[in-house]
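Close look at the chain arrangement
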Amino acid sequence: MNFYEDLKNEMEELEENGLLVTIRTLETAQGAWLNVDGKKVLNMCSNNYLDFANNEKLKKGAIEAIEKWGVGPGAVRSIAGTLEIHNKLEKELAEFKGAEDTLVVQSGFNANQAVIPAIMGKEDAILSDELNHASIIDGVRLTKSKKYVWKHKDVASLEEALKKADEEGARRKLVITDGVFSMDGDIAPLDEIAKVSKKYNALVMVDDAHGEGVLGKNGRGIVDHFGLHDDVDIEVGTLSKAFGVVGGFIAGKKVLIKYLKQKARPFLFSSSLSPAETGAALAAVRYLKETGDPVKKLWDNGKYFQEKIKSLGFDIGNTMTPITPVMLYEAKTAKEFSKKLYEQGIFASAIGFPTVPRGKARIRVMISASHSKEDLDFAIEKFEKIGKELKVI
Ligand SMILES: *Cc1c(COP(=O)(O)O)cnc(C)c1O
């Protein structure tokens, strides 16, 4: 029995190929600057877009919820774990999103596991963008539906798949796309996707994890950005990125949400958010209802950084959002670049296979509202220095 040897060998192979994930430990709370493994570094790899993760209003929301509700929900939502504060969050989130209702679950990952298998059976067809997030892929795997993968953002390829699904006799058809693709920062052409889906009478689902708090008025997300409230059937979101907390949700029609409360397995068989998380998320929603200032700062920072980094000659791919992929292609170069950045006081992770396709390795720079102009200038200077050292620019 070589089980443990096998695991070790596999990880050694990952390391040789520059694909072994280094797991860093933060010694300070989320923000622009962090202490990481004993070193002070500029944080350019968290999803804390709006700097909410350590925000006073959100912390107050969490503390007040703990004072009132304690620390745990005590049961799954469907038995005795639905607290008033859960319902309040779902209601206010729905109002914010302009949706009829929402269902909050433990994470964005779980939101996909909750909704996809609950509504899709073996007579049905799921049509998925080839670059969709792992949690969508896993959600799809939990169904017995027929799978059709269409080319990234390619509406003609989607139409082909829709035709094929019809020919093959699908009962329901569900078109799924990420809203903002987190590794490239590009935005799904949701208006065109909705149009072609309507033509073939297919349901439209968007996972807007990286668009929540980023796109649309005051961060209302991709559906608001395109004005598609009547054309998108299901929106999945996360509370763990721009919202700064943890949790996920599904937004849609009242009847869908009611149905999911009967059928969605992560809702039925796993306890929900703690009071602290729920209270903090509620505070985040209320904050964004009041002001779009953090969203504006995020976009201003993104624009500033991207203009400078492009003018130095770096390739930043097809980004349309503050997510900035600095394309290096070779996994080893990306690792080396990230290591040098870290030595120079910048925490920005190298991303390689299997998170992105082979040969598409990059440093993914996550710009946030926490960064000052000085922070961004500091980063640009270091990118230039290391880019020249490694002959990337
Ligand atoms: C990050 C992400 C998720 C997972 O969200 P969590 O709340 O962290 O589980 C799901 N879908 C997409 C598209 C994501 O980018």
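Read on for an overview of the structure. Worth saying up front: this structure is predicted, and the values here are computed from it rather than measured.

Thresholds, definitions, all that
Residues numbered from 1 in each chain as written. Predicted model: local features only at pLDDT ≥ 70, side-chain atom pairs only at ≥ 80, totals over all residues. Heavy atoms only, no water. Phe/Tyr/Trp six-rings, centres within 6.5 Å; stacked < 30°, edge-to-face > 60°. Helix = DSSP H or I, 4+ residues; strand = E, 2+ residues; numbered from the N terminus. Buried < 20%, exposed > 50% of the residue type's maximum accessible area, 1.4 Å probe, protein only. Lys NZ or Arg CZ within 6 Å of the ring centre and 35° of its normal. Pairing = 2+ DSSP bridges. Axes fitted to C-alpha atoms, helices over the stretch in contact; angles between N-to-C directions. Parallel < 35°, antiparallel > 145°, perpendicular 65-115°, else oblique. Left-handed = near helix turned anticlockwise from the far one by under 90°. Contact = heavy atoms within 4.5 Å. Nonpolar A, V, L, I, M, F, W, Y, C, P; charged D, E, K, R; others polar.

1. Digging into the packing of aromatic side chains
Counted according to the given criterion, the structure contains nine aromatic pairs. Ring plane angle 75° and centroid distance 6.1 Å describe the contact between phenylalanine 305 and phenylalanine 383, whose orientation is recorded as edge-to-face. Here phenylalanine 305, found in helix H12 (residues 293-311), pairs with phenylalanine 383, found in helix H14 (residues 373-389); they are 78 residues apart in sequence, far enough to count as distant. Here phenylalanine 305 matches phenylalanine 383 in class, with each residue buried. Consider the rings of phenylalanine 314 and phenylalanine 337, whose centres lie 6.2 Å apart with planes at 75°: the pair is edge-to-face. Remark: phenylalanine 337 occurs in helix H13 (residues 331-343) and phenylalanine 314 occurs in the loop between H12 and strand E10 (323-329); sequence separation between them is 23 residues. The exposure class of phenylalanine 314 is buried, given its relative accessible area of 5%. For phenylalanine 337, a relative accessible area of 0% puts it in the buried group. In textbook terms, an aromatic cluster arises when at least three aromatic residues are bridged by ring pairs, as seen for Phe305, Phe314, Phe337 and Phe383. It is arginine 24 that lies over the ring of tyrosine 342; its NZ or CZ is 3.7 Å from the centre. Its guanidinium or amino end placed over the ring of tryptophan 33, lysine 40 lies 4.9 Å from that ring's centre, counting from NZ or CZ.

2. Observations concerning the sheet that holds strand E1 (residues 33-36)
Strand order in the open sheet formed by three strands is E1-E2-E11, and the pairing between neighbours is mixed. Every interior strand has two partners, whereas the edge strands, E1 and strand E11 (346-347), have only one. One ladder, built from two bridges, connects strand E2 (residues 39-43) with E11; its direction is parallel. Counterpart to leucine 42 in the pairing with E11 is isoleucine 346.

3. Some words on the pairing of strand E13 (residues 361-366)
Burial analysis of E13 places six of its six residues in the buried class, the great majority of the element. Of the pairings in the sheet, the one linking E10 to E13 comprises six bridges and is antiparallel in character. Within E13, the residue paired with threonine 324 across the bridge is valine 365. Pairing of strand E12 (residues 350-351) with E13 involves two bridges; the strand directions are antiparallel. Residue pairing in the sheet places isoleucine 351 in a bridge with arginine 362 of E13.

4. Some words on the packing of helix H4 (residues 108-119) against helix H5 (residues 134-141)
At a minimum axis separation of 8 Å, H4 and H5 run at an interaxial angle of 30°. Between H4 and H5, the interaxial angle falls into the category roughly parallel. Between H4 and H5 lies a crossing whose hand is right-handed. On the side of H4, the interface is formed by Phe109, Asn112, Gln113, Ile116 and Pro117, while H5 contributes Ser135, Ile136, Asp138, Gly139 and Val140. Residues of the contact of H4 with H5, tallied by class, amount to five nonpolar, four polar and one charged.

Honestly, that's just the spatial picture; any functional story needs more than this.
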